[in-house]
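An overview of the molecular structure
Single-letter residue listing:
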Amino acid sequence: MRGNVVLFEDHYVDDMRPITLTRPAFAVTCAGYRLCDVARLLADRVSYVVREHLRKVAAQSFPPGEVGEGPVLFLNAAVAPDVRYVPRLRELLQAGEPFLCTSGQRVAAALLPAERTLPDPLTPADVTPYLLGMNLPLRDETFRTFDYCFHVVDALKGLFPANIRMKIEENGYEEVQPGVYAGSGVQIADTAVFHAEEGPIVLSENVRILDFTYFEGPVFIGPDSRIIERSSVKECVSVGHTCKVGGEVEASVIEPYSNKQHHGFLGHSYIGSWVNLGAGTSNSDLKNTYGTVRVNIGQKKVETGMQFLGCIIGDYSKSAINTSIFTGKIIGVASMLYGYVGQDVPSFCNYAKSFGQITECTLEQALITQKRMFTRRDVEQTEADIALMGEVFERTREGRSIASEPPVL
Amino acid sequence: MCGIFGYVGPHAGVELLVENLKRLEYRGYDSWGVCLGVGGALELHRRAGRLSSGDMPEQLRGADTCWGGIAHTRWATHGAPNQRNAHPHVDCTGRLAVVHNGIIENHAALRETLKQEGHCFESETDTEVIAHLIEEGLREGADLRSAFLDALKLLEGTYGVGVVLADRPGLILVARHGSPMVIGAGRGETLVASDPAALVARTRDVVYLDDGEAALLSADGFETCDLTAAPTNKVIERIKFDLPAIEKGGYPHFMLKEIFEQPDTIRNAFRGRVLREEGTAKLGGIEPSLLRRVRRCHILACGTSWHAGLVGKYLLENLARVPTQVSYAAEFRYASPVIEPGTLVIAISQSGETADTLAGVREARLRGADAIGICNVVGSTIARECGQGVYIHAGPEIGVASTKAFTGQIVVLLLLAIHIGRMRGMPLREALRYLDAIERLPQQAEQALACNGDVKRVALEYADRPNFLYIGRLYEYPLALEGALKLKEISYIHAEGIPAAELKHGPIALVEPRMPTVVLGAQEGILDKMLSNVQEIRARGGSIIALAREGDRRLPELAEQTITVPAVADPLVPVLATIPLQLLAYHIAVERGCDVDKPRNLAKSVTVE
């Protein structure tokens, strides 16, 4: 499995906002995997090219590797973490024949021959021109990319069957009930009900399943997470590590360290890390017209083609009790939601339109909250975390000012 | 239409005037004339027919006191192409001579007024009024420049005009309104012409006059002014091409030379414009913001450029998904066109001087459209008036039947479609495939030219036929029109280009054994449908000349004659498939004894409406 993989962000990565404001595109989870996890199945040397403001934080979680001898597979960081790509990419990497393949507007993957000189340094702005300028032979391979944030939700159903099989195989989980696979330290209440007819349910190490919970596979629960009593988790749910999940959850991604502990419906949604959804928080994932959902991406309206789409919530955002989020709404980073959320919410906003107020959430408040949350989970708030929050606050300032209803500053 | 050349300086003489005028003969060649200033007199020589047909004015040769002169080759608009109507025209005294390119629309009224003043007219032309108007001013005591400018103010229509006066030796007056005039700044000599091609033998430093500008030329230089005599500032520009570019270079005709130049001219059209690093085309002459706000395109052109425009419609709609309309420029202007917000007008003209296209651009801009030009001649009026656009860099095209400009225009339209397409979501892979394919075109054009022998053989067999049909679908439908036009232009054979599916709606009635049909079948995507149309023709006894994609066996099996072109993606087919059509028209014309470079009744740049 020797070889080099370089995960690179490109200039389209910002279209995945708010998810990619605070994390590299390769660190977005879908169906239990991130692309960086998939890359490690491909080669022993994985390095990456990310935006400048993410470099330090990325290095905390992903120590940057070095590119060694031999061919280099450049993989767009926005390629979906689909383990079905692994055999084909491995084959191409081993063959060592240069190629380039695209996905929509972007370079999806390219293989550079062993005798290559990489520009130093490489930045997201110059990887794509560099690869295109190499005149590599075009190859008709399909590697789907996440171009917009809702693509993560859209891809869940397609990625889940293979990804969850790989999870079981890779970790050697034991089948504790028909179709239910568990790692070490998993606790399952006797009253829990599992339906694995449509796909397995995988419970990673130290997961706790409390009483009267209901599962319909495929479902993946990350290590150290807890599924609260009376909750219903069904049909393509991917929960990261160290999460608490309650209520009804369907076809959604919850990144690590987030809580949705109480009753309320979450469907066809993506929830970032360090998010807390208050009791009774629910989202709609279906329009009353049963039509497809259109979302706002920056200044443009994008047709998702999805009949079911809930909400996208960036890292560090919170919702108060009984918050109701309308279909297809996109919530930024470190925002606070209250009442009805009938429109997109920029980052760093206190959104309480139902009560007549949309105000800016200060950076200081966001940092204090971050520290309090980190402390509860024994995570150190580093200088890099603080710097990233400040950088994202500045990067999203313009978005707050041009939002349909800008916050009162 | 019409070519003007003027010279003032130490080398003045009839040979110099005639030699350089020959380079403008493509603009019109039904009569010609020169007027030399010799001392304090003017010597005039005018002839019907072509400049190259001989009958040089020997009596003017070697006049030591010759200081300069003006010359003209004519494409008749007002008055028959005979000696009497040939330029230069003189006033009643015979001491003032005028050459003119364009149309004076109010010439009849001016003529009546002048007649009442006692002026006598010798010709039927609109031009002659200019001479008499200036004469009238001089008679009233005005100086030459004032009389000249005052006369211009009375003219309605278009003109590029040159004037000499026996009493002002060493001076030529010129002006421009709607018809090009280029001043050449030589060493101790000054020149003027309708096209820089006539200047390049003596100087490459030129100044393009703008509409409403006039200039006084002397051997020491020139002064420009507007019609109120206020001086204007001009910048001397450098012509990029050289003399060999406007000579035949060993070919029997300019047209054949230009057909064979296409591998180079195609390369010139995309050189520096393929931005593979970004998977798009780079069109530096157009503001990206202009293209980002495009909601629809409206192409204006005439003749062969209109056919390129039709190809452009398919390209812009298929590749860039921009709704596109193509109009004959002259029809557009007078049809009360609807210009919706976000409309981009694309004016296509080889010369950049086509009067109808220029008028269409002006009309469109008045109605709020943004306009860009796709021109060959650098600094031409359309290029300058649009302010934004793309040059095709094909070099001077002298052959009246356009060849290399057509393929250059299509390459530029391809680049434009890719550029806009990428802005509107064209997949990167598709763009890269087209860009790579564009870069292979010069080599494939070489391969396409290798069919010359086959085409000549076919031409010899069919040269006696009085009628031809050309059929094609999608990208090859405009080629069918272009192939038919080429044949009409230079061989005088009646030919029709028809969308292949339309054949059965009427034109198939023309099919009989003596009627050859040129079937354009080099596209892969639509070949099955074309084969059906071919079967329909064969069933009625028609003979088929097929243009087939290399490697295709089905179409050749149904045809009497087959010419193959290299296989390319369908949107690029027009670039290569047009080459055999050009050669077919050329060889048929030569076989029929036609003057390929100067077909009857035609002129290169149509600068009258």
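Residues numbered from 1 in each chain as written. Chains lettered and ligands numbered in written order. Predicted model: local features only at pLDDT ≥ 70, side-chain atom pairs only at ≥ 80, totals over all residues. Heavy atoms only, no water.

Bringing the overall build of chain B into the picture now. The secondary structure content of chain B amounts to 18 helices and 26 strands. For 609 residues, the compact-globule formula gives about 25 Å, and the C-alpha radius of gyration of chain B, at 25 Å, lands near that figure. By its C-alpha atoms, chain B is 80 × 55 × 45 Å across when sized along the principal axes. Within the span of chain B, comprising 609 residues, buried residues form 62% of the whole. Taking as baseline every contact in chain B between residues at least 6 positions apart, the subset at least 24 positions apart corresponds to 73%. Accessible surface computed for chain B: about 21700 Å², of which carbon and sulfur atoms make up 47%. (Helix = DSSP H or I, 4+ residues; strand = E, 2+ residues; numbered from the N terminus. Rg over C-alpha atoms; globule rule 2.2 N^0.38 Å. Buried < 20%, exposed > 50% of the residue type's maximum accessible area, 1.4 Å probe, protein only. Contact = heavy atoms within 4.5 Å. Areas by Shrake-Rupley, 256 points an atom, 1.4 Å probe, with all protein chains shown as cover.)

Before going further, it helps to spend a moment on the sheet that holds strand 5 (residues 89-90) of chain B. Residues and elements named next belong to chain B. What the six strands build is an open sheet, ordered 5-6-7-8-12-13; its pairing is antiparallel. Lying at the two open borders of the sheet, with one neighbouring strand each, are strand 5 and strand 13 (221-226). For strand 12 (residues 213-218) and strand 13, the ladder comprises six bridges, and the chain directions are antiparallel. Residue pairing across strands places S218 opposite G221, the latter belonging to strand 13. Here helix 3 (residues 128-139) sits on the sheet and contacts strand 5, strand 6 (96-101) and strand 7 (159-165); the angle it forms with strand 6, its principal contact strand, is near 140°. Where helix 4 (residues 144-153) meets the sheet, it contacts strand 7, strand 8 (172-177), strand 12 and strand 13, and its direction lies at approximately 20° from that of strand 8. (Pairing = 2+ DSSP bridges. Axes fitted to C-alpha atoms, helices over the stretch in contact; angles between N-to-C directions.)

Residue and element names in this part refer to chain A. A complete count under the given rule lists 15 aromatic pairs over all chains for this structure. Taken together, a centroid distance of 5.1 Å and an interplanar angle of 90° make the contact between Y85 and F143 edge-to-face. With Y85 in helix 3 (residues 85-95) and F143 in the loop between helix 4 (124-133) and helix 5 (150-171), this residue pair connects regions lying 58 residues apart in the sequence. Residue Y85 shares its accessibility class with F143, and that shared class is buried. With 4.9 Å between their ring centres and 15° between their planes, F194 and F215 make a pair best called stacked. In this pair, F194 is assigned in strand 9 (residues 193-195) and F215 in strand 12 (residues 214-216), connecting sequence segments 21 residues apart. (Phe/Tyr/Trp six-rings, centres within 6.5 Å; stacked < 30°, edge-to-face > 60°.)

A few words now on the environment of V49 of chain A. All names here are of chain A. Mapped onto the fold, V49 is located in strand 2 (residues 45-49). Classification of V49 by relative accessible area gives buried; the value is 6%. Apart from residues no more than four positions distant in its own chain, V49 is found in contact with V6, L7, F8, E9, L122, T123, P124 and V127.

Residues and elements named next belong to chain B. Between helix 15 (residues 476-491) and helix 18 (residues 573-591), the shortest axis-to-axis distance is 9 Å and the interhelical angle comes to 20°. In terms of orientation, helix 15 and helix 18 fall into the roughly parallel class. Crossing geometry of helix 15 relative to helix 18 is assigned as right-handed. Contacts from E476, L479, E482, G483, K486, L487, I490 and S491 in helix 15 reach V573, P574, A577, T578, L581, A585, Y586, I588 and A589 in helix 18. When its residues are assigned to classes, the contact of helix 15 with helix 18 shows eleven nonpolar, three polar and three charged. (Parallel < 35°, antiparallel > 145°, perpendicular 65-115°, else oblique. Left-handed = near helix turned anticlockwise from the far one by under 90°. Nonpolar A, V, L, I, M, F, W, Y, C, P; charged D, E, K, R; others polar.)

Glancing now at the domain arrangement of chain A. All names here are of chain A. Segmentation of chain A into domains returns domain 1 (4-133) and domain 2 (151-404). A separation of 25 Å is found between the C-alpha centroids of domain 1 and domain 2. Taken together, the 26 residues of domain 1 in the interface contact 36 residues of domain 2. Between domain 1 and domain 2, a total of about 2600 Å² is buried, with carbon and sulfur atoms accounting for 64% of that surface. There are two salt bridges connecting domain 1 and domain 2. (Domains from an automatic or database assignment. Buried area = accessible area lost by both parts, 1.4 Å probe. Salt bridge = Lys/Arg side-chain N within 4 Å of Asp/Glu carboxyl O.)

What follows covers the interface of chain A and chain B. Each side of the interface is counted separately: chain A has 17 residues, and chain B has twelve residues. When chain A packs against chain B, the two sides together hide about 1200 Å² of surface, and 46% of this comes from carbon and sulfur. Ranking the residues of chain A by area buried against chain B places Q105, L132 and L138 of chain A at the top, with a combined share of 49%. In this structure, the connection of chain A to chain B is made through two salt bridges. The partner of D140 of chain A in a salt bridge is R433 of chain B, with the nearest N and O atoms 2.6 Å apart. Counting across the interface, chain A meets chain B through ten residue pairs in polar contact (both at pLDDT 80 or more). Listed by contribution, the elements that provide at least two residues to the side of chain A that touches chain B are strand 4 (99-103), strand 5 (106-112) and helix 4 of chain A. For the side of chain A that touches chain B, the leading source of residues is helix 4 of chain A, giving four residues. (Polar contact = N/O pair within 3.5 Å; in protein donor to acceptor, adjacent residues only side chain to side chain.)

This part covers the side chain of T343 of chain B. Residues and elements named next belong to chain B. When you line up the elements, T343 lands in strand 19 (residues 343-349). When its relative accessible area of 5% is taken as the criterion, T343 is described as buried. A distance of 2.6 Å separates a polar side-chain atom of T343 from the backbone oxygen of E340. Discounting residues that sit within four places of it in the chain, T343 has contacts with R296, H298, A369 and D370.

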